[in-house]
Protein chains: 2
Amino acid sequence: MRTAKLSMFGLAALLLACATVVQADPLPSWNEGPTKAGIIAFVEAVTDATGKDFVAPAERVAVFDNDGTLWAENPMYFQLLFAIDRVKALLPQNPEWETKEPFASLLRGDVKGALEGGERAMVEIVMTTHAGMTTAEFERIVSEWIATSRHPTTNGLYTEMVYQPMLELLAYLRANGFKTYVVSGGGIEFMRPWTERVYGIPPEQIVGSSIKVKFELRESGPVLVRIPEIDFIDDKEGKPVGIHKYIGRLPILAFGNSDGDLAMLHWTAAGSGLRFVGLVHHTDGEREWAYDRASSVGRLDKALDEAKARGWTVVDMRRDWKAIFPLEKSQSK
Amino acid sequence: MRTAKLSMFGLAALLLACATVVQADPLPSWNEGPTKAGIIAFVEAVTDATGKDFVAPAERVAVFDNDGTLWAENPMYFQLLFAIDRVKALLPQNPEWETKEPFASLLRGDVKGALEGGERAMVEIVMTTHAGMTTAEFERIVSEWIATSRHPTTNGLYTEMVYQPMLELLAYLRANGFKTYVVSGGGIEFMRPWTERVYGIPPEQIVGSSIKVKFELRESGPVLVRIPEIDFIDDKEGKPVGIHKYIGRLPILAFGNSDGDLAMLHWTAAGSGLRFVGLVHHTDGEREWAYDRASSVGRLDKALDEAKARGWTVVDMRRDWKAIFPLEKSQSK
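Quick caveat: nothing in here was measured; it's all calculated off a predicted structure.

**Remarks on the sheet that holds strand S6 (residues 276-281) of chain A**
All names here are of chain A.
Item 1. If you trace the seven strands from one edge of the open sheet to the other, you get S4-S3-S2-S1-S5-S6-S7, paired in mixed fashion. Each of the sheet's edge strands pairs with one partner strand only, and the pair in question is strand S4 (221-232) and strand S7 (313-316). Pairwise comparison of adjacent strand axes, ignoring direction, gives a mean angle of 30° for this sheet.
Item 2. With eight bridges connecting them, strand S3 (residues 206-218) and S4 associate as antiparallel partners. Counted as the bridge partner of Ile211 is Ile230 from S4.
Item 3. Here helix H6 (residues 118-130) sits on the sheet in contact with S3 and S4, set at roughly 175° to S4.

**Quick notes on the interface of chain B and chain A**
Item 1. At the interface, 32 residues of chain B touch 32 residues of chain A.
Item 2. Both faces combined, the contact of chain B with chain A buries some 2,800 Å², and carbon together with sulfur accounts for 58% of it.
Item 3. Viewed at the interface, chain A and chain B are joined by eight salt bridges.
Item 4. Note that Glu204 of chain B is salt-bridged to Lys179 of chain A, the shortest N-O span being 2.8 Å.
Item 5. At the boundary of chain B with chain A, the tally comes to 16 residue pairs in polar contact (both at pLDDT 80 or more).
Item 6. Where the side of chain B that touches chain A is concerned, the elements lending two or more residues are strand S2 (179-187), helix H9 (188-199), strand S3 (206-218), strand S4 (221-232), helix H10 (238-246) and helix H11 (262-269) of chain B.
Item 7. In terms of residues, the side of chain B that touches chain A owes the most to one element, H10 of chain B, which gives five residues.

**Thoughts on the relation of the copies chain B and chain A**
Item 1. With an axial shift of 0.0 Å and an RMSD of 0.0 Å, the rotation relating chain B to chain A amounts to 180°. One copy is carried onto the other by what is essentially a two-fold rotation axis. Within chain B, the C-alpha atom positioned nearest to the axis of rotation is that of Tyr246 of chain B, 3.3 Å from it.
Item 2. Mapped onto chain A, 100% of the interface residues of chain B are again interface residues, and the two copies thus contact each other with one and the same surface.

**Here's the deal with the packing of helix H3 (residues 78-90) of chain B against helix H7 (residues 135-148) of chain B**
Residues and elements named next belong to chain B.
Item 1. Remark: H3 packs on H7, axes separated minimally by 11 Å, with the N-to-C direction vectors making an angle of 110°. Of the possible angle classes, the one that applies to H3 and H7 is roughly perpendicular. Residues Phe78, Leu81, Phe82, Asp85 and Arg86 of H3 form the contact with H7, whose participating residues are Phe138, Ile141, Val142 and Trp145.
Item 2. Here the residues of the contact of H3 with H7 are counted per class, giving seven nonpolar, no polar and two charged.

**A few points about the side chain of Asp234 of chain B**
Residues and elements named next belong to chain B.
Item 1. Examined against the element boundaries, Asp234 turns out to sit in the loop between S4 and H10.
Item 2. Of the side chains with opposite charge, Lys239 lies nearest to the buried Asp234, which makes no salt bridge, at 5.4 Å.
Item 3. Excluding anything up to four places from it in sequence, Asp234 contacts Val183, Ser184, Gly185, Val207, Gly208, Ser209, Lys239 and Gly242.

**Some words on unusual backbone geometry**
The general pattern is negative phi for most residues beyond glycine and trans for most peptide bonds.
Residue and element names in this part refer to chain A.
Item 1. Between Glu101 and Pro102 the backbone carries a cis peptide bond, its omega angle lying at 5°.
Item 2. Inspection of the secondary structure assignment puts Pro102 in the loop between helix H3 (78-90) and helix H4 (103-107).
Item 3. Its identity is not glycine, yet Asn155 carries a phi of approximately 65°, on the positive side.
Item 4. Here Asn155 is to be found in the loop between helix H7 (135-148) and helix H8 (164-175).
Item 5. Of note in the backbone geometry, Lys236 takes a positive phi value of approximately 50° without being a glycine.
Item 6. Position of Lys236 among the secondary structure elements: in the loop between S4 and helix H10 (238-246).
Item 7. For Lys236, a relative accessible area of 48% translates into the label partly exposed.

**A word on the confidence of the model for chain A**
Item 1. Residues with a pLDDT of 70 or more make up 91% of chain A, whose mean pLDDT is 92.
Item 2. Contacts for the low-pLDDT stretch residues 329-333 of chain A, under 50 throughout, to residues beyond four places or in other chains number 11 contacts.

**A few points about helix H11 (residues 262-269) of chain A**
Item 1. Counted residue by residue, H11 of chain A has seven buried out of eight residues, so it is predominantly covered.
Item 2. By the burial criterion, the buried members of H11 of chain A are Leu262, Ala263, Met264, Leu265, His266, Trp267 and Thr268 of chain A.

**Quick notes on H3 of chain B**
Residue and element names in this part refer to chain B.
Item 1. Look at H3: 18 Å from first C-alpha to last across 13 residues, which is about the 18 Å you get at 1.5 Å a residue.
Item 2. Of all 13 residues making up H3, 10 are buried, and the element is well covered by its neighbours.
Item 3. Among the residues of H3, those classed as buried are Phe78, Gln79, Leu80, Leu81, Phe82, Ala83, Ile84, Arg86, Val87 and Leu90.
Item 4. Those residues of H3 hidden inside the fold are in contact with helix H4 (103-107), helix H5 (111-114), helix H6 (118-130), H7, S2 and H9.

**Thoughts on the sheet that holds S3 of chain B**
All names here are of chain B.
Item 1. Here seven strands make up an open sheet; going across it, the order is S4-S3-S2-S1-S5-S6-S7 and the pairing mixed. The open sheet terminates on both sides in strands that have one partner only, identified here as S4 and strand S7 (313-316). Averaged over all neighbouring strand pairs, the angle between strand axes comes to 30°, with direction disregarded.
Item 2. Where strand S5 (residues 253-256) and strand S6 (residues 276-281) come together, four bridges link them in parallel fashion. Bridge pairing links Gly256 to Leu279 in S6.

**Considering the pairing of S7 of chain A**
All names here are of chain A.
Item 1. Alternating positions in S7 separate cleanly, Thr313 and Val315 being buried on one face and Val314 and Asp316 remaining unburied on the opposite face.
Item 2. For S6 and S7, the ladder comprises four bridges, and the chain directions are parallel. In the sheet register, Val280 faces S7, and the bridge partner there is Val315.
Item 3. Each parallel crossover has a hand, and the one from S6 via helix H12 (residues 302-310) to S7 is right-handed.

Thresholds applied
Counting from 1, residues in each chain are numbered in the order their sequence is written. Naming scheme: in the order in which they are written, chains are lettered from A and ligands are numbered from 1. Since the coordinates come from a predicted model, pLDDT governs what is reported: local features require at least 70, and pairs of side-chain atoms require 80 or more to be given and counted, while whole-chain, interface and lining totals use all residues. Side-chain measures here rest on the full set of heavy atoms in the structure, leaving out hydrogens and waters. Strand pairing is defined by DSSP finding a minimum of two bridges between the two strands. Helix and strand labels come from DSSP, where a helix needs a run of H or I of at least four residues and a strand needs a run of E of at least two; each type is numbered from the N terminus. Throughout, an axis means a line fitted to C-alpha atoms (over the contacting stretch in the case of helices), and angles, computed between N-to-C directions, take values from 0 to 180 degrees. For this analysis, residues touch if any pair of their heavy atoms sits within 4.5 Å. Summed over both partners, the accessible area (1.4 Å probe) lost when two parts come together is defined as the buried area. We define a salt bridge as a contact between a side-chain nitrogen of Lys or Arg and a carboxyl oxygen of Asp or Glu at a distance within 4 Å. Polar contacts, as counted here, are pairs of nitrogen or oxygen atoms within 3.5 Å of one another; within protein the pair requires one atom able to donate a hydrogen and one able to accept it, and residues that are adjacent in sequence qualify only if both atoms are side-chain atoms. Residues below a pLDDT of 70 in either copy are left out; the C-alpha atoms of the rest, at least 70 in both, set the least-squares superposition of the copies. By the definition adopted for this analysis, an angle is roughly parallel if under 35 degrees, roughly antiparallel if over 145, roughly perpendicular if from 65 to 115, and oblique otherwise. Under the scheme applied, nonpolar residues are Ala, Val, Leu, Ile, Met, Phe, Trp, Tyr, Cys and Pro; charged residues are Asp, Glu, Lys and Arg; polar residues are all the others, including Gly. Only protein chains enter the accessibility calculation, which uses a 1.4 Å probe; a residue is then buried when its area is under 20% of its type maximum, exposed when over 50%, and partly exposed in between. Residues scored as charged are limited to Lys and Arg (positive) and Asp and Glu (negative), so that His and the chain ends carry no count. Each residue carries a pLDDT score, the predictor's confidence in it, ranging from 0 to 100. The span one expects for a helix is its residue count, reduced by one, times 1.5 Å. When the strands point away from the viewer, a crossover counts as right-handed if the route from the first strand across the helix to the second turns clockwise.

Pasting the structure below:
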């Protein structure tokens, strides 16, 4: 009898443990409320094999913008801060930049002035700082920069300025059979060296903008050389194109934060069957930055109207997120 | 005692069953010999966690050319046969093709004559037959064609003209934690509709040539329209570029069958650590087609010399493959 009793106790403990695991909050940094409940209801609906909204695992494609959706984007896109650091590093070999725009302004820290030349100035900055080396060399440059450089106001590593609630969402989706992708206007090769470690998203699931590369069979072996020509701009109407090109399936979940994501959200919403379309709204000027319709970085205007008109989910960072950054770096801002 | 005996018998049967599963031949359509042994030795080396050649599962990337490597390519690339069928289908809306090259020759069945116009003729054929519709419409057209059209000499479905030994190799690699990719000069959207069903390779693991697509927000919803402009040619030096663009990792195994694959093979071989580089050599004029250095389709010349010089594996179809096609369609050729 004693043995039987112990066994029953053991069984009860086991069941309890299982129940605890099942009921553990998958999104602990999300406050309770309709946003969190909506995400969970969606995931439960598409993974319920007996339900009408079931989606086979192979079709569970989730796409996320990067800047302003998975990590911060203030005071400017982090890749632009990388480009400025590259201009400084390359100055000794290019002394004429001291007096030549857009570099001269950039070197004085006057980014606004540097970008007054419009798209041409931006392209010139990217081409001179992102091209001319092999892909292996560029990967090394990015890896070193991301491991050591610090954000101008928080002084944190850039990889510490990712959004904790979104990391939890990515993990929750993957635990439910989703394949998670980044679909960003940022450079694909600027992201790939660190996204697996930081987001759990491998290089082959990163979609982004790119410049052309060229195969060369050198004495030392084959290399790919980055050449100063735009290959693909994965922004605005380019995002559905990028999704189609790289993934070849319609996502069933998409998250963005700006008008640059609107086409991707439309594209995702258009598929038949249950869809989740979300926008991160930067409403927290205390813990992060508050901006939307009037911002030059990550402007959220038309997409906010569309979200309201179409019933898409708008995440209110201030209200919906218990924590913003993994280390709660926000207070040091 | 009887119970104990039964249990021991049960245990022995179970162990035997397990041993049988472990020892089952993963490549039954490959004849015993150095080629098959080399493949198995490679897979065992990179998956042995205690060995010096161990490769983490995430890095087990295997790339395969399609035409002539995974399915046949005679009397011409199957996608060209698709294009000819499209020209015929579109003739009523384009009656001028009756007398206009390269269409006139194509309609007379004179492919050689049609292609006398060189690359320009080829591009014109592809552009007129592969562009002008939405991506969803094109997917439907390809799906219908692949499900119903028959090969001019074997009268088999094109998806029956895939190589059984390569299907086994793909499955064997995946069972050992590899991610398998197609890296083909063929059109990415010509392959994606059927590769998952036929090869077990999902659309997001297909790399190929592409034309541009354009996002349009129509009354009926958003669409991507295929426009008559080359986006990317995934052939020759384009193959390492495509691998880098779409996968972002170096493959550890690559298989091709022609000089168009040589750059991809060089690129794969260049990585540090153990690599498997293979060529399918079409040596079986009885069961398939015999061709190499002098062929206009799938010419294998330089790559054959390189393979010999560098010790890459050359699969001799006649000697190494017990069966060629899943249904042994070869006899009806």
